[in-house]
Amino acid sequence: MMETLNLLLFVVEAVAYFALMVTLLHFRHRLGLGVFLTALGVMHFMETYLAAVFYVSLPFGDVSPGSSVFFSGKLMMILMLYLQEDAATVRQPIYGLFLGNLLTVGIAWVLQLHQPLQISTNHTPDVDFLKEMGWLMVWGTALLYVDSLGIILLYEKLGDFFRRRVVLRFLISGFVLLTFDQIGFFAALHYFLDVPIAAFWGGWKAKMLAVCLYAAMFAFYEYRVRRIGAAGSARSISDVFGDLTFRERYNDLLERTGRDMLTGVYDRTRMEMEAPLMLLEALKQGSFATVLIIDADHFKDVNDGYGHLQGDEVLKAIAARLGTTLRSSDRVFRFGGEEFVAVCPGTDHEEGLLLAERLRWTIATSVKTPDDRPITVSIGVATADEDGVDFTAVLTAADGRLYAAKKSGRNCVVGRPGVVKLS
């Protein structure tokens, strides 16, 4: 009977917690996001304290509401915050919690140096408990940081398989990350407070139950609350759930905007927007950024000899080789005609020369005309900040070296040290 009553209270606590927090999140633009973040943060000490000392018996084991209800709810609310805002906003409460808990531990160490007065015979200050709780809170917040990062990344990755099934992604992400958290946090409880191993399984089952409850309420919120609030328009549930993936659709649209229609790489307009920022960011981080200008040799002869359609195929093949050879952090742009520009952050001049030579060799050995003649390229290489601190200066330097490569007989790479020719 007691276990059944405890289970009922468990469900009531989960529903009440979610309802309160989602209300604060829903009205964040009216109340201010700080109200939601503060409410999220002030629960942290209670969560940790309850997880350490307060357990109840449920039909499937001994469970702490602090860990199973409130911490699980916090992690799922952080995922909801990410869905409504962005990752930069999510980092704020996690950093605040972590620094606050470090401060708690530091203060506890300092307080041990005092000789406190016995003001009341019934209450004795327990600094050791405060310090112990502080370390548990630091460990819990470190796990929360990893959990939050992991649950966001997993949610986004699951979008590759279940793009429109956001509730399923929400549920799976909660299952996986709270399992990870249960292992990590229970290890600390067992080490510091000697919590028995049997409590691990009860806590894990309770967290899985909590995730199911939160996922059901999340679905209700998305289908009913947000739908009603969205101008009352009659939309299907898939459209409502699509609100959550707006950022994904926006990013996909942004990714396709500024693409060269023929080759699929970014166009010159996109280069003029992105390339200066890429160089600036690399220099801010104390790193290099190398720019390559790649030009197809004798491309006019290809158009004249085989026709413009075949010339288009050659350009597409060159772009494909550039895409497979360069790193994911690099960007390729079509500069105009048969010229391409590659921006490679975190790449110094020597590395840029080696990369350019690999590109030259790859194209020369794999791109051919219809009569099996190789297509070759000439490449000019320049690096920030050695060749300039802004994109225009570095691009100009690379363009001058491209001209030198063509004067040197083409099918070669020219950088500051000299010429690398085909052997």
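Keep in mind it's a predicted model, so treat the numbers as computed, not measured. (Residues numbered from 1 in each chain as written. Predicted model: local features only at pLDDT ≥ 70, side-chain atom pairs only at ≥ 80, totals over all residues. Heavy atoms only, no water.)

**Let's talk about the overall build of the protein**
When helices and strands are counted, the protein shows 15 helices and eight strands. A burial count over the protein gives 46% of its 423 residues as buried. Carbon and sulfur atoms form 64% of the exposed surface of the protein, whose accessible area is close to 21200 Å². (Helix = DSSP H or I, 4+ residues; strand = E, 2+ residues; numbered from the N terminus. Buried < 20%, exposed > 50% of the residue type's maximum accessible area, 1.4 Å probe, protein only. Areas by Shrake-Rupley, 256 points an atom, 1.4 Å probe, with all protein chains shown as cover.)

**A closer look at the nonpolar core**
In this structure, Phe36, Met77, Leu79, Met80 and Tyr214 are the most contacted members of the largest nonpolar core, which totals 50 residues. Every element with two or more residues in this core is listed here: helix H1 (2-26), helix H3 (33-53), strand S1 (56-58), helix H4 (65-84), helix H5 (87-111), helix H6 (127-158), helix H7 (166-193) and helix H8 (198-229). For this core, the element with the most residues is H4, which contributes 12 residues. The residues contacting Tyr214, other than those within four sequence positions of it, are Ala14, Tyr17, Phe18, Val69, Ser72, Gly73, Met76 and Phe170. (Core = buried A, V, L, I, M, F, W, Y, C linked by side-chain atoms within 4.5 Å. Contact = heavy atoms within 4.5 Å.)

**Observations regarding the UniProt feature "transmembrane region" (unreviewed entry) in the protein**
Here, the residues flagged by UniProt with the feature "transmembrane region" (unreviewed entry) are residues 6-27, 34-57, 63-82, 94-113, 133-155, 167-193 and 199-221. Summarising residues 63-82: 90% helix, 5% strand, and an end-to-end C-alpha distance of 28 Å. Helix makes up 100% of residues 199-221 and strand 0%. Its end C-alpha atoms lie 32 Å apart. (UniProt positions renumbered as here; feature names shortened; annotations may be inferred.)

**Side note on H4**
Over its 20 residues, H4 extends 27 Å from the first C-alpha to the last, a length consistent with the 28 Å expected when each residue adds 1.5 Å. The element H4 is largely enclosed, with a buried count of 20 among its 20 residues. (Expected span 1.5 Å × (residues − 1).)

**Brief notes about the side chain of Asp147**
Note on placement: Asp147 falls in helix H6. The side chain of Asp147 is buried and forms no salt bridge, while Lys207, the nearest opposite charge, is found at 7.0 Å. Those residues in contact with Asp147 that sit more than four places away from it in its chain are Phe71, Leu75, Leu177, Phe180 and Asp181. (Lys, Arg positive; Asp, Glu negative; His and termini not counted. Salt bridge = Lys/Arg side-chain N within 4 Å of Asp/Glu carboxyl O.)

**Observations concerning the packing of H3 against H4**
One way to put it is that H3 packs onto H4 with a least axis distance of 9 Å and a crossing angle of 155°. Classed by the angle they form, the pair H3 and H4 counts as roughly antiparallel. Our pair here, H3 against H4, has a crossing hand that is left-handed. Residues Leu33, Phe36, Leu37, Leu40, Met43, His44, Glu47, Leu50 and Ala51 of H3 form the contact with H4, whose own contacting residues are Gly66, Ser67, Phe70, Phe71, Lys74, Met77, Ile78 and Leu81. Residues of the contact of H3 with H4, tallied by class, amount to 12 nonpolar, three polar and two charged. (Axes fitted to C-alpha atoms, helices over the stretch in contact; angles between N-to-C directions. Parallel < 35°, antiparallel > 145°, perpendicular 65-115°, else oblique. Left-handed = near helix turned anticlockwise from the far one by under 90°. Nonpolar A, V, L, I, M, F, W, Y, C, P; charged D, E, K, R; others polar.)

**Observations regarding unusual backbone geometry**
Backbone torsion omega between Ala384 and Asp385 reads 10°, so that peptide bond is classified as cis. Mapping Asp385 onto the fold places it in the loop between strand S6 (377-384) and helix H15 (391-407). The backbone of Asn411 sits at a positive phi, close to 55°, despite the residue not being glycine. By the secondary structure assignment, Asn411 is in the loop between H15 and strand S7 (412-414).

**Here's the deal with the layout of surface pockets**
Within this model, the largest pocket holds a volume of roughly 190 Å³. If you trace the largest pocket, you find it lined by Asp297, His298, Asp301, Val302, Tyr306, Thr369, Arg373, Pro374, Ile375 and Thr376. (1 Å grid on protein atoms, 1.4 Å probe; cavity = no way out; pocket = protein on both sides within 12 Å on 5 of 7 lines; lining within 4 Å. Points joined across faces, edges and corners; volume = space filled by probe spheres on them.)

**Remarks on H3**
It helps to recall that an α-helix has 3.6 residues per turn; residues three or four apart then point in one direction. Here H3 is 21 residues long and its end C-alpha atoms lie 32 Å apart, about the 30 Å a rise of 1.5 Å per residue gives. Along its length, H3 shows its largest kink, about 30°, at His44. By the burial criterion, the buried members of H3 are Phe36, Leu37, Ala39, Leu40, Met43, His44, Glu47, Thr48, Leu50, Ala51 and Ala52. (Bend = angle between axes of the 7 residues up to and from the residue.)

**Topic: the pattern of salt bridges**
Going through the model one piece at a time under the given rule, you end up with 15 salt bridges. The closest approach of N and O atoms between Asp295 and Lys406, which form a salt bridge, is 2.5 Å. Here Asp295, found in strand S3 (residues 289-296), pairs with Lys406, found in helix H15; they are 111 residues apart in sequence, far enough to count as distant. Two residues, Arg416 and Glu386, come together in a salt bridge whose shortest N-O distance is 2.6 Å. Taken together, the residues Arg416 in the loop between S7 and strand S8 (419-421) and Glu386 in the loop between S6 and H15 connect sequence positions 30 residues apart. Of the residues examined, Arg416 reaches a relative accessible area of 38% and is grouped as partly exposed. Several salt bridges converge on common partners, so that one network encompasses Glu386, Asp387, Arg401 and Arg416.

**Focus: the packing of H1 against H3**
The interhelical angle for the contact between H1 and H3, taken along N-to-C directions, is 150°, at an axis separation of 8 Å. Of the possible angle classes, the one that applies to H1 and H3 is roughly antiparallel. Judged by the sense of rotation from one axis to the other, the crossing of H1 with H3 is left-handed. Contacts from Tyr17, Met21, Leu24 and Leu25 of H1 reach H3 at Val35, Phe36, Ala39, Leu40, Met43 and Glu47. Of the residues that constitute the contact of H1 with H3, the class distribution is nine nonpolar, no polar and one charged.

**Focus on the side chain of Ser68**
Relative to the elements of secondary structure, Ser68 occurs in helix H4. In this structure Ser68 comes out as buried when scored by relative accessible area, which is 1%. Setting aside its immediate chain neighbours within four residues, Ser68 contacts Phe10, Val63, Gly203, Ala206, Lys207 and Ala210.

**Notes on the pairing of strand S4 (residues 331-336)**
Across five bridges, the pairing between S4 and strand S5 (residues 339-345) is antiparallel. Directly across from Arg331, in S5, lies its bridge partner Val343. In this antiparallel pair of consecutive strands, S4 and S5, the connection spans two residues, and Gly337 shows a positive phi of 60°. (Pairing = 2+ DSSP bridges.)

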